[in-house]
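In case you want the letters, here they are:
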Amino acid sequence: MKVAVFGLGYVGSVTAACLAAAGHDVWGVDVDTAKVGPITEGHSPVVEPGLDELVAEGVTGGRLHATTDPRLALDRADVSLICVGTPSTPAGSTDLTYIKRAVRDIAEAAHVVVPPESGFHSIVIRSTVPPGTVDEVVAKVLADVPPPAGLTFGTAMCPEFLREGSGLADFYDPPFVVVGTQFPAVGKQLAELFAFLTNSSLGQEVQVVDVRTAEALKYACNAFHATKVSFANEMGRIFRNYGVDSREVMRLFVQDTSLNISPYYLKPGFAFGGSCLPKDLRSVLHLARMNDTELPLLAGTLATNERSVSDVVDRVIAGPGREVALLGLSFKVSTDDLRESPNVELAERLIGKGYNLRIYDAIVNPSRLVGANLRHVESKLPHLQRVLTDDPAQALRGADVALVSATDPAAIEALLAAPPARTIDLSGRLGDAVEALHGYEGVGW
């Protein structure tokens, strides 16, 4: 395929060289001659291990070129990959100036170059951009400069996951190859473009998803990477006060791939609770205060957890009606542990604001609660016996809104049989039938 790569920084240079090495005819485009010149001469414009050799091979083999003129790159080109910078503005937002300029360059050049034989050209964003960029910003530029007769544009987001210093290794061994597009032809083209990755022993497959999902994915990845660095550093700051080598702690920590480094807790939903997480997190923060140590990440974890509860309360208040059904009371399914359950906190706040609340939980039985579990619920919901039922249909009868974390069959069947005007899913695992209900809302989706 003939590929135009706009932007010859770290991402663009690595992408161009690797695609050329795979046999594609690649043309790098940049307004900066300090980046174009080195590639034309056969070496990399950026410092990246192994890239000089790969660029030299591509240029010598006639598969890699660089230019400041987008028309040369776009003549008969099948795909444009936009790898330009997206720096922060002074206010912290993403500056999309270079994205818009590159898209406009492509759209304008399409009117003066020979189109690809297919009559179809894919414009693919590789830069990190906010959700909505392709649908709104890119689409607007293309609406202002529509393609000439006989040529159709398709758009997509194909995020890159390259680290400086290991760019080549990361390109050839990506965690995933994701394409966000509404155009099947674009998905097919990119599957062909990256076939050398998907057909390798690594067995990567191109995953075609919604455009905004692909755009959001890169932010989620980088935010989590930053969070992990900060978490490890906060562990080091607190535990060094106790003669603990946090490197050894984290060496053991990452060996747990069931919970610590795993998908288990990385599921959007409702707040955490129970007998361990809130208590132990408060204990770590207390240790920090006693040692004059600031742990803003962990302190913020408690704050954001509280925000999860208040957000649901706010959403109930914003809607009509005063009758609320709460399906699920314990802090997690398959247990009757109510200690620091966010559902108990939710119930207490709604009752305090004058809502008529009926609660269903398949397991919780007030007569069987003992010890700290009993004391906690008595302090929060002293009249639990009056509002709790073991019949989900009874809890739902006359409800204006249902708040649902229970996933047992009885709760789901009752909800499907008599759905209220609004259903707020606190679980994310209620099933397609529930999500198809009129008035369904996900707590975080």
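Our subject is the structure that appears above.
Below is a summary of the structure that appears in this document. Treat the numbers as computed from the prediction; the structure is a model and nothing was measured.

Conventions we followed
- Residues numbered from 1 in each chain as written.
- Predicted model: local features only at pLDDT ≥ 70, side-chain atom pairs only at ≥ 80, totals over all residues.
- Heavy atoms only, no water.
- Phe/Tyr/Trp six-rings, centres within 6.5 Å; stacked < 30°, edge-to-face > 60°.
- Buried < 20%, exposed > 50% of the residue type's maximum accessible area, 1.4 Å probe, protein only.
- Lys NZ or Arg CZ within 6 Å of the ring centre and 35° of its normal.
- Core = buried A, V, L, I, M, F, W, Y, C linked by side-chain atoms within 4.5 Å.
- Helix = DSSP H or I, 4+ residues; strand = E, 2+ residues; numbered from the N terminus.
- Contact = heavy atoms within 4.5 Å.
- Pairing = 2+ DSSP bridges.
- Right-handed = clockwise from strand over helix to strand, strands pointing away.

**Considering the packing of aromatic side chains**
Piece 1. Using the criterion set out here, one finds six aromatic pairs in the structure.
Piece 2. Measuring from centroid to centroid gives 5.7 Å for Phe-171 and Tyr-172, while their planes differ by 80°, and the two rings are edge-to-face.
Piece 3. The class for Phe-171 is buried, based on a relative accessible area of 3%.
Piece 4. Overall, Tyr-172 belongs to the partly exposed group, its relative accessible area being 32%.
Piece 5. An angle of 90° between the planes, with centres 4.9 Å apart, marks the rings of Tyr-264 and Tyr-265 as edge-to-face.
Piece 6. Take Tyr-264: its relative accessible area is 41%, and that puts it in the partly exposed class.
Piece 7. Positioned above the aromatic ring of Tyr-264 is the side chain of Lys-267, whose terminal nitrogen or guanidinium carbon lies 5.6 Å from the ring centre.

**Overview of the nonpolar core**
Piece 1. Counting residues in each nonpolar core, the largest one holds 35 residues, and the members touching the most others are Leu-19, Leu-81, Leu-190 and Phe-194.
Piece 2. For this core, the element with the most residues is helix H1 (residues 10-21), which contributes six residues.
Piece 3. Membership of the second largest hydrophobic core comes to 32 residues, among which are Ala-73, Leu-96, Ala-107 and Met-157.

**Notes on the side chain of Arg-358**
Piece 1. Note on placement: Arg-358 falls in strand S10 (residues 356-360).
Piece 2. With near-sequence residues (within four places) excluded, Arg-358 lies in contact with Glu-323, Val-324, Ala-325, Leu-326, Val-387, Gln-394, Ala-395, Arg-397, Gly-398 and Ala-399.

**Considering the sheet that holds S10**
Piece 1. The sheet built from six strands is open, its strands ordered S11-S10-S9-S12-S13-S14 with parallel pairing. Every other strand in the sheet has two partners, leaving strand S11 (388-389) and strand S14 (440-442) as the edge strands with one partner each.
Piece 2. Relative to strand S13 (residues 422-425), strand S12 (residues 401-404) runs parallel, the two being bridged by four bridges. The partner of Ala-402 across the bridge, within S13, is Thr-423.

**A word on the pairing of strand S2 (residues 25-29)**
Piece 1. Burial within S2 is extensive, with four of its five residues counted as buried.
Piece 2. As paired elements, strand S1 (residues 2-6) and S2 share five bridges and run parallel to each other. Each residue of the ladder has a partner; that of Phe-6, found in S2, is Val-29.
Piece 3. With H1 bridging S1 and the parallel S2, this β-α-β connection has right-handed handedness.
Piece 4. Examined bridge by bridge, S2 and strand S3 (residues 64-67) share four bridges and lie parallel to one another. Residue Val-29 lies in a different strand from S3, and its bridge partner there is Thr-67.

**Let's talk about the pairing of strand S6 (residues 152-157)**
Piece 1. Counted residue by residue, S6 has five buried out of six residues, so it is predominantly covered.
Piece 2. Here six bridges tie strand S5 (residues 120-125) to S6, and the two strands are oriented parallel to one another. In the sheet register, Ser-122 faces S6, and the bridge partner there is Gly-154.
Piece 3. Read as a crossover between parallel neighbours, the route from S5 over helix H6 (residues 133-144) to S6 is right-handed.

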